[in-house]
Amino acid sequence: MSGEFYPSKLNDGIGDKNITSVKDVNEIFEKLEKDPHINFVCFNDSPDLTEQEFYLVKERLLNELEKIFPEKASFEI
C-alpha cells in the first residue's frame, strides 16, 4: 500500500533444473556443498528418467536429505 515494493529476482537458489539422471542429482548436491549461501533447491523429475534411474535418483535424494535434516519437523511426527 505504500508503493515501496520493487520486484526482484534473487540469485540464492537452484531452480529450473529438471533431473534427468543421477548425474544431475550429484551436481546439485556438489553445488550445495560448495556454496553455503544457497537457500533453496527445486527438484523436478523428468519424464525422460527411466524407472531404474528414477529409483536411483529417489534413493540419492532421500539419503542426502536425511543427512541435512536428520530430525523430523513437528508436523511430521
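Described in the following lines is the structure provided in the data block. The numbering scheme is per chain: residues are counted from 1 as the chain's sequence reads. Side-chain atom pairs in this predicted model are given and counted only at pLDDT of 80 or more, local residue features only at pLDDT of at least 70, and totals for whole chains, interfaces and linings cover all residues. The side-chain quantities take in all heavy atoms of the structure and omit both hydrogens and water.

1. Quick look at the overall build of the protein
1) Next: Numbered from the N terminus, helices here are DSSP runs of H or I no shorter than four residues, and strands are runs of E no shorter than two. Secondary structure assignment for the protein yields two helices and two strands.
2) Next: Along the chain direction, N to C, the helices and strands of the protein fall in the order β-α-β-α.
3) Next: We compute the radius of gyration from the C-alpha atoms alone; for a globule the expected value is 2.2 Å times N to the 0.38, where N is the number of residues. For 77 residues, the compact-globule estimate of 2.2 N^0.38 gives 11 Å, and the C-alpha radius of gyration of the protein, at 16 Å, exceeds that figure by more than 25%.
4) Next: Overall, the protein is about 55 × 35 × 25 Å in size when its C-alpha atoms are taken along their principal axes.

2. So, the pattern of salt bridges
1) Next: Any Lys or Arg side-chain nitrogen located within 4 Å of an Asp or Glu carboxyl oxygen qualifies as a salt bridge. One pass over the full model with this rule turns up three salt bridges.
2) Next: With a closest N to O distance of 3.3 Å, Glu 64 and Arg 60 form a salt bridge. You can see Glu 64 and its partner Arg 60 sitting in helix α2 (residues 51–68), four residues apart, about one turn around the helix.
3) Next: Think of it in three bands: residues with accessible area under 20% of the maximum for their type are buried, residues over 50% are exposed, and the middle band is partly exposed, with areas taken using a 1.4 Å probe on protein chains only. Using a relative accessible area of 11% as the deciding quantity, one classes Glu 64 as buried.

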